Every structure is written in C-alpha cells, then in structure tokens.
Amino acid sequence: MLSLAIVGLPNVGKSTLFNALTAAKADAANYPFCTVEPNVGIVEVPDARLATLADIVQPKKVVPAVVQFVDVAGLVQGASSGEGLGNKFLANIRETDAVVHVVRCFDDPDVLHVMGSVDPVRDREVIELELALADLAAVEKRLDRVRRAAKAAEKDALAELPVLEAAYSALGEGKGLWQLRLDDASRALLAPLALLTIKPVLYAANVSDAELTGAEGPYLRALREAVRASGEHAEIVPFSAKIEAELADLPSEDRAEFLSSLGVESAGLARLIRAGYALLGLETYFTAGEPEVRAWTIHAGDTAPKAAGVIHTDFERGFIRAETVSFDEFVANRGWKGAKEKGVVRSEGKEYVVADGDVMLFRFNV
C-alpha cells in the first residue's frame, strides 16, 4: 500500500485537504497546531478500469487499491529542536513512501499565515530545513557508533562510514539528501535510518478557486521556478482545498458534474495519487473472478512472481506460471472465456515483467 505523509506549515490547508481526501473530518480550525494527533486515513485509488472489469465479470465484490495518507501537526521554524508540536510527530512519517508538502499559494486575509505573509518559496525552504535538521540528529547519532566500529576495522562500518559522513555534511548545510543523488547502494545503507529528506516529494500547491480553473498566479509560478532551479525531481500538483472540501460533501454521483461546472478535469485526490504513482514508479494489475475484481499495486519492472507475492508470499514462493491478458483484450473479448477462445491469454513464466493493466491468474504450488 502506498503511504504518503502530508506536511507543511500550519494553516496552509493540510488538514482541510486530509479531510476532503479521507472524509476523516480531522479538526481544521483556523489556528496553528490544531492537529495534535497524527491523522491516518485510507483512501481508495480512483481507477475507472475496475468498474469496466466488474461490469464484465459481475463479481461478488470489487476491491480497489488504496493509499494511506498521514497528516501531522503543522511544522514551524525550529520544529526540529522542539518548537511547536511538529517535532513530536516527525517519527510518524518516517515509514511513509513519499512526502506531500502542502504549500499555500493564495491570499486570504481571513486565514492567518504563521509567518505573517504568503511566500511559498520561503515556506518550502523552512520545511526542508526542519526535515534536514531532524535527519541530521539521526545521522549524527548513528555516525558516532559507526566511527567507533570503523576504528576496529569492522567491514560493514567501513562501508557505511563514508556514506554517513557525506549525509552528515549535506544535512549540516541544511540540504536535503535528495541533493546528493545517492546511488542504490548508498540508499540501502541509509535505509534503516528512515530519513525524511531522502524521500520523494510531491508539492501540493493550495491555490485559489479562480487560479485552479484559470491563469497561473505569481505564487505558483514562484514555487515552480524555485523547484526547477534547485534541480529537485518533484512534481507540483495545484489543488484548491476549498473545492476539495465542497466536493467531499457531495454525493459521489454529483461530483463529476460539479467538477465539470468548474472546468476542472479531475479532483485533487485523483491528481495527487496519479502523481504519487508516477513519482514512485508504481503500476496496477488486476485479478478478475467471480469472488472479486481487485486492483493490486506493484513497482514498474516487477516480475510475475513478485506481483504474485503482493497477494500472498506463498504465491511468490510457489509460483508456477501466470495466465495473463491485457486489460484491453480482456474487455474486448468480454472476459476470460472469450479471451481464451480468441487466443489472447498468455502463459507467462518467472521472467515475465508485468505490464500496467494486466489481468492475471496465478498458478502456484507450496
């Protein structure tokens, strides 16, 4: 399951976004630190292909893929050293896959800004610095132990030491670890520390209603330029917390019409999840039978046994083969029976790389 941490300064729209996405109704009062417990919500991944498959198979139930959102208290300058409440909850986001950094890009005299003015570039830098300083404390603690072990010529410590020292140096300068362009081996050495600034980042730019449906404003342009100039590999997803909140209160059958009336193609939830999948290289495959039609999340490049293991580790351990058909062929031939008669169902082995949209039936023996 994809897990996304929602971070940002107080009063930028974090909890409003979280409420809209998850219908969890976390307190979204207009004052700093109103979120004093980490909120966790599970959200279904919007995927129109599920309904199409269900129409053909007529299963007893339909199970979408899900995303977990973790909303923590607003961070402020000095959070890493105990200011505000943010530092208390940083540990809650260490196990997430990526960070959704909510940035305020709108003016509203009725909504206070904790730093006195709207400046998304400054706000981005404040949050990144606080996350870097939190990582610095974790690396420093580990570095002391590894240095002692390296002096005793321990092999693992000798391999880990230069990576930790490079991380410590960058973090000490207030840089995120993404700026080091670490290779896979270095990332693996740092993985046990669950560092925050090594995680992929999505920027959720909370813009005015008018800007979401019209011309891009100066705040959003400034944020885009700052991210581009820094070289950070991060997508910016504009959304309106106000529109998302209104959308969440509507019956599901009325939401498409509401979005259409605003000239918006899709809800912020769908765009955030799509961006998250793209950022992390995630794809979806399906199982489709009478008991259930279900979406499963895998990494691009995963082989059939790995994909089977997402269902159950026994499926991967005892993998024999996978009966596979593309989504388009499955739909065109109205299910497994028609696809088999047409000869488009393939029997794939352990080396097969699963494609997005594959409909699969695994054969295994344990």
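Refer to the structure above for everything that follows.
Throughout what follows, the structure given in this document is the object of discussion. Only a predicted model underlies this, so the values are computations on that prediction, with no experimental measurement involved.

### Here we look at the pattern of salt bridges
1) Next: By the definition in use, this model includes 20 salt bridges.
2) Next: In this structure, Lys242 and Asp209 form a salt bridge, with 4.0 Å as the shortest nitrogen-oxygen distance. Of this pair, Lys242 sits in helix H9 (residues 241-248) while Asp209 sits in helix H7 (residues 209-213), placing them 33 residues apart in sequence.
3) Next: With a relative accessible area of 52%, Lys242 lands in the exposed category.
4) Next: Glu323 is the partner of Arg363 in a salt bridge, and the nearest nitrogen-oxygen pair spans 3.0 Å. One end of the pair, Arg363, is in strand S12 (residues 359-364); the other, Glu323, is in strand S10 (residues 319-325), with 40 residues separating them in the sequence.
5) Next: Among the residues examined, Glu323 registers a relative accessible area of 12% and is labelled buried.
6) Next: By sharing partners, the salt bridges in this structure join Asp47, Arg49 and Asp356 into a single network.

### Section: the side chain of His101
1) Next: Assignment of secondary structure puts His101 in strand S5 (residues 98-104).
2) Next: The class of His101 is buried, set by a relative accessible area of 5%.
3) Next: Those residues in contact with His101, other than ones at most four positions away along the chain, are Val7, Gly8, Asp123, Arg124, Ile127, Val201, Leu202, Tyr203 and Ala204.

### Digging into empty space enclosed by the protein
1) Next: According to the stated counting rule, one finds 1 cavity of 30 Å³ or more in the structure shown.
2) Next: Estimates place the volume of the largest cavity at around 120 Å³.
3) Next: Together, 13 residues line the largest cavity, and Glu128, Leu131, Val201, Tyr203 and Glu232 are the ones closest to its centre.
4) Next: For the lining of the largest cavity, the secondary-structure elements that each account for two or more residues are S5, helix H4 (120-151) and strand S6 (201-206).
5) Next: Top element by residues in the lining of the largest cavity is H4. It accounts for 4 residues.
6) Next: Looking at side-chain class alone, the lining of the largest cavity contains 7 nonpolar, 2 polar and 4 charged residues.

### Digging into the sheet that holds S6
1) Next: Read from one edge to the other, the open sheet built from 6 strands follows the order S2-S4-S1-S5-S6-S7, with strand pairing classed as mixed. Only two strands of the sheet have a single neighbouring strand rather than two, namely strand S2 (39-44) and strand S7 (235-239). Strand-to-strand twist in this sheet, taken as the mean axis angle between neighbours without regard to direction, amounts to 25°.
2) Next: Pairing of strand S1 (residues 2-7) with S5 involves 4 bridges; the strand directions are parallel. Directly across from Ala5, in S5, lies its bridge partner Val99.
3) Next: Lying over the sheet, H4 contacts S1, S5 and S6, oriented at roughly 145° with respect to S5.

### Some remarks on the packing of H9 against helix H10 (residues 252-262)
1) Next: Viewed as axis vectors pointing N to C, H9 and H10 meet at an angle of 150°, and their least axial separation amounts to 10 Å. One way to sum up the angle between H9 and H10 is to call them roughly antiparallel. Where H9 crosses over H10, the two elements pack in a sense that is right-handed. Contacts from Ile243, Glu246, Leu247 and Ala248 in H9 reach Arg255, Phe258, Leu259 and Leu262 in H10.
2) Next: Along the lines of polarity and charge, the residues of the contact of H9 with H10 split into 6 nonpolar, no polar and 2 charged.

What counts and how
- All chains use their own residue numbering, which begins from 1 and follows the written sequence.
- Thresholds applied to this predicted model are a pLDDT of at least 70 for local features of residues and 80 or more for the giving and counting of side-chain atom pairs; totals over whole chains, interfaces and linings are not thresholded and use all residues.
- In computing side-chain properties, one takes all heavy atoms of the structure into account and sets aside hydrogens as well as water.
- The term salt bridge refers to a side-chain nitrogen of Lys or Arg lying within 4 Å of a carboxyl oxygen of Asp or Glu.
- Going along the chain from the N terminus, every DSSP run of H or I of four or more residues is numbered as a helix, and every run of E of two or more is numbered as a strand.
- Type-normalised accessible area, obtained with a 1.4 Å probe on protein chains alone, sets the label of each residue: buried when under 20%, exposed when over 50%, and partly exposed for intermediate values.
- It only takes one pair of heavy atoms within 4.5 Å for two residues to be counted as in contact.
- Note on definitions: the grid is 1 Å and covers protein atoms alone; a cavity is a set of points where a 1.4 Å probe fits but cannot get out; a pocket is an open set with protein on both sides within 12 Å along at least five of seven lines; lining residues have an atom within 4 Å of a point.
- Grid points are joined across faces, edges and corners, and a volume is the space filled by probe spheres set on the points.
- Here the nonpolar group is Ala, Val, Leu, Ile, Met, Phe, Trp, Tyr, Cys and Pro; Asp, Glu, Lys and Arg are the charged ones; every other residue, Gly included, is treated as polar.
- The rule for pairing is simple: two strands pair if DSSP sees at least two bridges between them.
- Helix axes are fitted only over the stretch in contact, all axes being lines through C-alpha atoms; the angle between N-to-C directions runs from 0 to 180 degrees.
- For classification, angles of less than 35 degrees are called roughly parallel, those exceeding 145 degrees roughly antiparallel, those between 65 and 115 degrees roughly perpendicular, and all remaining angles oblique.
- Each crossing gets its hand from how the near helix is turned against the far one by less than a right angle, where anticlockwise is left-handed and clockwise is right-handed.

Just geometry here; none of it tells us what the structure is for.
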